[in-house]
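Okay, here's what each chain looks like letter by letter:
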Amino acid sequence: MAVVITKSPAFWAPGFLIIPDDEKTLTFEFKARFKRLPAERSRELIALIEESRRASALGKKPPLTDKALLDEVMCDWGGFKDADGAPVPYTPANRAQAVEDWFGLEAAFTRAFIEAAWPEQRRKEAEKN
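Residues numbered from 1 in each chain as written. Predicted model: local features only at pLDDT ≥ 70, side-chain atom pairs only at ≥ 80, totals over all residues. Heavy atoms only, no water.

(A) Representation of the overall build of the chain within the structure. Helix and strand content of the chain: 5 helices and 3 strands. Counting from the amino terminus, the chain carries its helices and strands in the arrangement β-β-α-α-β-α-α-α. Expressed as a percentage of its 129 residues, the buried residues of the chain come to 25%. In the chain, once contacts between residues fewer than 6 apart in sequence are set aside, the share between residues at least 24 apart is 56%. Across the chain, the mean location of the 20 positive side-chain charges is 8 Å away from that of the 21 negative side-chain charges. (Helix = DSSP H or I, 4+ residues; strand = E, 2+ residues; numbered from the N terminus. Buried < 20%, exposed > 50% of the residue type's maximum accessible area, 1.4 Å probe, protein only. Contact = heavy atoms within 4.5 Å. Lys, Arg positive; Asp, Glu negative; His and termini not counted. Charge placed at Lys NZ, Arg CZ, Asp CG, Glu CD.)

The following block contains the structure:
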């Protein structure tokens, strides 16, 4: 018998991208949906993310890119609109175009995933949300 804590195969995470504008900065807020991963793959990703951070700090090629991580885990988004204000559906092609158009967006998606996928286990803060 398997233990079921949640039946949801994915979770939503809030994210943001700070964008320089004419005389100030804008903060674009979005939400992203990520697949839940089995424990073993989660441990592997944590190790790869840490190894990638160390490699990047040393100017070396990271073993896991933001794109590769997002290709594996990202499955939806919210808050993205076209020039007419209509919602833009999530597709890998739409994500690739948005990432190309908005420098830093790929890192913002990755940050949202990391912060939501492995939250610190602090009950008081969790109860506030």
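And the narrative resumes.
(B) Expanded view of the side chain of Thr110. Mapped onto the fold, Thr110 is located in helix α4 (residues 105–117). For Thr110, a relative accessible area of 7% corresponds to the buried category.

(C) Main features of the confidence of the model for the chain. Averaged over every residue, the pLDDT of the chain is 91; the share at 70 or more is 93%. For the chain, per-element mean pLDDT is lowest for helix α5 (residues 123–128), which scores 59, and highest for strand β3 (residues 74–78), which scores 98. (pLDDT = per-residue confidence, 0-100.)

(D) Structural context of the pattern of salt bridges. A full pass over the atoms with the stated rule returns 6 salt bridges. A salt bridge links Arg43 to Glu40, with the shortest nitrogen-to-oxygen separation between them at 3.2 Å. Taken together, the positions of Arg43 and Glu40, both in helix α1 (residues 39–57) and 3 residues apart, correspond to about one turn of that helix. With a closest N to O distance of 3.3 Å, Arg53 and Glu50 form a salt bridge. One end of the pair is Arg53 and the other is Glu50, both in helix α1 and 3 residues apart, which spans about a single turn. (Salt bridge = Lys/Arg side-chain N within 4 Å of Asp/Glu carboxyl O.)

(E) Just α4, in detail. Taking 1.5 Å per residue, 13 residues should reach 18 Å; α4 reaches 18 Å between its end C-alpha atoms and fits that length. Taken residue by residue, α4 has Leu105, Ala108, Phe109, Thr110, Ala112, Phe113 and Ile114 as its buried positions. Those residues of α4 that are buried lie in contact with β1 (10–20), β2 (25–35), α1, α2 (66–73), β3 and α3 (92–101). (Expected span 1.5 Å × (residues − 1).)

(F) Geometry of the packing of α3 against α4. Following both chains from N to C, one finds α3 and α4 inclined at 120°, their axes separated by 7 Å at the closest point. With respect to α4, the axis of α3 lies oblique. Here α3 contributes Arg95, Ala98 and Val99 to the contact with α4, which in turn contributes Leu105, Glu106 and Phe109. Each residue belonging to the contact of α3 with α4 can be placed in one class, and the counts come to 4 nonpolar, no polar and 2 charged. (Axes fitted to C-alpha atoms, helices over the stretch in contact; angles between N-to-C directions. Parallel < 35°, antiparallel > 145°, perpendicular 65-115°, else oblique. Nonpolar A, V, L, I, M, F, W, Y, C, P; charged D, E, K, R; others polar.)

(G) Expanded view of the side chain of Arg95. Within the element layout of this structure, Arg95 appears in helix α3. Exposure remark for Arg95: the relative accessible area of 5% places this residue in the buried category.

(H) How the structure looks around the sheet that holds β2. Taken in spatial order, the 3 strands of this open sheet run β1-β2-β3, and their pairing is antiparallel. Only two strands of the sheet have a single partner each, and these edge strands are β1 and β3. Put simply, the sheet's adjacent strands are angled 30° from each other on average, direction ignored. Bridge analysis of β2 against β3 gives 4 bridges, and the strand direction is antiparallel. Bridging from a neighbouring strand, Lys31 pairs with Gly78 of β3. Strands in contact with α2 are β2 and β3; relative to β2, the strand with the most contacts, it is inclined by about 50°. (Pairing = 2+ DSSP bridges.)

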